[in-house]
Amino acid sequence: YEQCTEKIKKIIEIFGNVGITPRGFAPPGWGVSDSLVKALVDFDFNYIAGSIDNSVAVDKSAQSSQAGLKNVSAFFTTKLGNIVNIPRNWDIRKSDVQRAEQIISTGGVLGLHGHILNEYMGQKIGNGITEEALANVAKLLDHIEKNYSDTQFKTFYELSQDVLAQSSQSQT
């Protein structure tokens, strides 16, 4: 826990130096522990993008098992105490419109996953921001725009605020 809090303090300092207050966290290398989640809650983070599963069959009851948090919904937000896990379930390079269609039709959250770099320290990541990946995202957005006029696009922060607000309303 202490190691997590020290790193989070550093993160807050770095972002604070440029006027940004971080409210969410995407764990590097998918390293998620109970200590990390507790530390994020203690520092008032609202969400963690802590689970990924780009390959599990789309089903309302599907659990994430690929990387990060396990046994949380692969397609819906999961409240972990006072923090919300937002699943990432659509790879910007490899996933297709059909997968997005399936996720949307279940009422799930379509959480895109990609990296700024396609290669890091000599290791190919595979889903970095490339022309191919951007074309795939553009195809997805075109499809959504044409077929789902009532779709709401939200940041992970906005989504977490909605989930936390609904949770506090149901407790009153």
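Please refer to the structure higher up on the page.
Calculation rules
Here the residue numbers are simple positions, counted from 1 along each chain's written sequence. For a predicted model such as this one, the threshold for reporting local features is a pLDDT of at least 70, and the threshold for listing and counting side-chain atom pairs is 80 or more; totals across whole chains, interfaces and linings nevertheless cover every residue. Side-chain measures here rest on the full set of heavy atoms in the structure, leaving out hydrogens and waters. For helices the rule is a DSSP run of H or I covering at least 4 residues; for strands it is a run of E covering at least 2, with both sets numbered from the N terminus onward. With C-alpha atoms as the basis for the radius of gyration, the globule rule is written as 2.2 Å multiplied by the number of residues raised to the power 0.38. Type-normalised accessible area, obtained with a 1.4 Å probe on protein chains alone, sets the label of each residue: buried when under 20%, exposed when over 50%, and partly exposed for intermediate values. Contact between two residues is taken to exist if any of their heavy atoms lie within 4.5 Å; hydrogens are not considered. His is not counted, nor are the chain ends; Lys and Arg add positive charge and Asp and Glu add negative charge. For the purpose of locating charges, the reference atoms are NZ of Lys, CZ of Arg, CG of Asp and CD of Glu. Among buried residues, the Ala, Val, Leu, Ile, Met, Phe, Trp, Tyr and Cys ones that are joined through side-chain atoms within 4.5 Å form a nonpolar core. One less than the residue count of a helix, multiplied by 1.5 Å, gives the span that helix is expected to have. Think of it as the arc spanned by the lines of direction from the helix axis to the C-beta atoms. Between Lys or Arg on one side and Asp or Glu on the other, a salt bridge is scored when a side-chain nitrogen of the former is within 4 Å of a carboxyl oxygen of the latter.

Moving on, we come to the overall build of the protein chain. Helix and strand content of the protein chain: five helices and nine strands. Helices and strands appear in the protein chain in the N-to-C order α-β-α-β-β-β-β-β-α-β-β-β-α-α. Over its C-alpha trace the protein chain gives a radius of gyration of 17 Å, about what one expects of a compact globule, namely 16 Å for 172 residues. Overall, the C-alpha framework of the protein chain stretches about 50 × 45 × 30 Å when taken along its three principal axes. A burial count over the protein chain gives 38% of its 172 residues as buried. Taking contacts inside the protein chain between residues at least 6 apart in sequence as the whole, the part at least 24 apart equals 51%. Here the protein chain carries 16 positive and 19 negative side-chain charges, and the mean point of each set is 3 Å from the other.

Of note, Phe15 is situated in helix α1 (residues 2-16). We classify Phe15 as partly exposed; its relative accessible area is 38%. Once the C-alpha coordinates of Phe15 and Lys38 are considered, the two residues, 23 residues apart in sequence, prove to be 20 Å apart. In this view, Phe15 contacts Ile20 and Pro22; residues no more than four positions away in its chain are not counted.

One finds Cys4, Ile8, Phe25, Leu36, Val37, Ala39, Leu40, Phe45, Ile48, Leu69, Val72 and Ile83 forming the largest nonpolar core, which totals twelve residues. Elements represented by at least two residues in this core include exactly α1 and α2 (34-42). Here the element with the most residues in this core is α2; it accounts for four residues. Counting eight residues, the second-largest nonpolar core is a separate cluster that includes Ile92, Ala133, Val137 and Leu140.

Here the focus is helix α4 (residues 131-147). Spanning 17 residues, α4 covers 24 Å between terminal C-alpha atoms, matching the ideal 24 Å at 1.5 Å per step. Every buried residue of α4 is listed here: Ala133, Asn136, Val137, Leu140 and Ile144. All buried residues of α4 lie within an arc of 95° about the axis, which places them on one face of the element. For α4, exposure combined with an orientation more than 90 degrees from the buried face picks out Glu131, Glu132, Lys139, Glu145 and Lys146. As for α4, its buried residues are in contact with β6 (90-91), α3 (97-105) and β7 (112-113).

One side chain can pair with another of opposite charge once the charged atoms of both are near each other. This structure, assessed with the given rule, holds three salt bridges. Note that Lys9 is salt-bridged to Glu6, the shortest N-O span being 3.5 Å. Here the residue Lys9 and the residue Glu6 both occupy positions in helix α1, the gap between them amounting to three residues, near one helical turn. Look at Glu6 and you get partly exposed, because its relative accessible area is 47%. For Lys154, the salt bridge goes to Asp162, with nearest N and O atoms at 2.1 Å. Its relative accessible area of 38% is what places Lys154 among the partly exposed residues.

With respect to the element layout, Tyr47 can be found in strand β2 (residues 47-52). Between the C-alpha atom of Tyr47 and that of Thr78, which follows or precedes it by 31 residues, the distance is 9.8 Å. With residues near it in sequence (within four places) discarded, Tyr47 still touches Arg23, Gly24, Phe25, Ile83, Val84, Ile86, Phe156, Tyr157 and Ser160.

Shape descriptors only; they carry no functional weight alone.
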